[in-house]
Amino acid sequence: LVAAVLHLGNITFEDNPEDTRGGCRVTQESEKSLNIAAKLIGCDPFELRQAMTSRVMQSKGGGVKGTVIMVPLKVYEASLNRDALAKALYSRLFDHIVSLINQSIPFQKSSYYIGVLDIAGFEYFQQNNYEQFCINYCNEKLQKFFNDNILANEQDLYKREGLNVPEIKFTDNQDIIDLIESKTNGIFTLLDEESKLPKPSFAHFTSEVHSAWNGHFRISFPRASRLKIHRGLRDDEGFLIRHFAGAVCYTTNQFIEKNNDALHASLECLVQESGNTLMKKIFLNASSTKGKLSFISVGSKFKSQLQELMAKLTKNGTNFIRCIKPNSRMNDHEFEGGLALAQLKCSGTTSVLELMEY
């Protein structure tokens, strides 16, 4: 199944000149990859091709059940369809493996456990998209947890112990978290609402974000960026967020597509009727309604999983390993912050508070 994901990624599409409705077809170069992927998944190559290049819809007329019609997909729609299948397969396989591991660990009989959490650090590139947005949102939540549970509590401990340590002041980043996850007009909420529209538009979504948070210090137009490449973006092509670690300009042209992991009914039927036993098992709960596209929000899943993680961190004793990126060029023996930063990093007597203050 892992190999099937890789072969699916090698399938490409092109406009079909024989289709008067503007549909597409699998390129000749991709036929081998399609046949291999179909064999690994356990389905007929023709059915896989048809499921990726068209979708099943059911009209309201034509009797009680209506008429089932095949709607051809354009090249970019077929590409999204292919990616949705690959991501769904990988995600469900991953969850299946995690479930098997959890079954092998006797949590019910264990009084204590040690968990190791390795989170991707704050990301800032010349081009920042939905992936960077989610990663940086996660870092905001962890920074909030760090501020409340480490900096504040450790300073209280110093005071109780009578240690003469200067007070470390830190900025509360709750306003950034609200900007992203608020249930009323948070960026995730606005993105989900846009994704459910008949014809979603990234430009309309971006405009809605700027309108909902007009005048908010933490969000601005791309032209406020220090980088020239961002200042060339239109107002409805992105937004700049002032995170705790710095301002990041996000390009929103792929936010809607990357927020949707839904499978069309034709693909759901394909995987459920697969001849691969494991394939059928991990897609057992997949369901569709009358050929409609069942919307699955990546943002909402990510947010709920992050909330579960934060709840678990709050209930348990947590230790942080704060890593320092010495330079943005990934060169060894080079410290952009100067030698003092390297000395602070290597010193065994430097406290977390002193390092944060520096």
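Before any of the text, the structure's been laid out above.
Note that the structure is a prediction, hence the values are computed from the model and not measured. (Residues numbered from 1 in each chain as written. Predicted model: local features only at pLDDT ≥ 70, side-chain atom pairs only at ≥ 80, totals over all residues. Heavy atoms only, no water.)

Asker: Outline the pairing of strand β7 (residues 246-251), supporting the account with residue identities and numerical values.
Answerer: When a strand is regular, its side chains alternate between the sheet's two faces. As paired elements, strand β6 (residues 238-243) and β7 share six bridges and run antiparallel to each other. If you follow I241 over to β7, its bridge partner there is V248. Linking two consecutive strands that pair antiparallel, namely β6 and β7, is a turn of two residues. (Pairing = 2+ DSSP bridges. Helix = DSSP H or I, 4+ residues; strand = E, 2+ residues; numbered from the N terminus.)

Asker: Before we move on, could you go through the packing of helix α5 (residues 130-160) against helix α7 (residues 187-195) and cite the residues and values that matter?
Answerer: Contact geometry for α5 and α7: axes closest at 13 Å, N-to-C directions at 145°. Across from Y130, F133, C134 and Y137 in α5, the residues of α7 making contact are I187, F188 and L191. A class-by-class count of the residues in the contact of α5 with α7 yields seven nonpolar, no polar and no charged. (Axes fitted to C-alpha atoms, helices over the stretch in contact; angles between N-to-C directions. Contact = heavy atoms within 4.5 Å. Nonpolar A, V, L, I, M, F, W, Y, C, P; charged D, E, K, R; others polar.)

Asker: Give a detailed account of the packing of aromatic side chains, specifying residues and quantitative values.
Answerer: Scanning the entire structure with this criterion turns up 12 aromatic pairs. Taking the centre distance of 5.5 Å and the plane angle of 90° together, the rings of F133 and Y250 count as edge-to-face. Within this pair, whereas F133 is found in helix α5, its partner Y250 is found in strand β7, the two being separated by 117 residues in sequence. The two residues F133 and Y250 agree in class, both being buried. Look at Y137 and F302: their rings are 6.2 Å apart centre to centre, the planes differ by 50°, and that puts the pair in the tilted class. In this pair, Y137 is assigned in helix α5 and F302 in helix α13 (residues 298-315), connecting sequence segments 165 residues apart. Note on Y137: relative accessible area 0%, which makes it buried. What makes F302 partly exposed here is its relative accessible area of 25%. Here the aromatic cluster, defined as three or more aromatic residues joined through ring pairs, consists of Y130, F133, Y137, F188, F205, F239, Y250, F255 and F302. Lying across the ring of F217, R242 places its NZ or CZ 5.3 Å from the centre. (Phe/Tyr/Trp six-rings, centres within 6.5 Å; stacked < 30°, edge-to-face > 60°. Buried < 20%, exposed > 50% of the residue type's maximum accessible area, 1.4 Å probe, protein only. Lys NZ or Arg CZ within 6 Å of the ring centre and 35° of its normal.)

Asker: Please set out the sheet that holds strand β5 (residues 219-220) residue by residue, giving values where relevant.
Answerer: Ordered by their spatial adjacency, three strands build an open sheet running β5-β6-β7, and the pairing between neighbours is antiparallel. Strands with a single pairing partner mark the edges of an open sheet, and in this sheet they are β5 and β7. Across two bridges, the pairing between β5 and β6 is antiparallel. Bridge assignment links I219 to a residue of β6, and that residue is I241. Where helix α6 (residues 174-181) meets the sheet, it contacts β5 and β6, and its direction lies at approximately 150° from that of β6.

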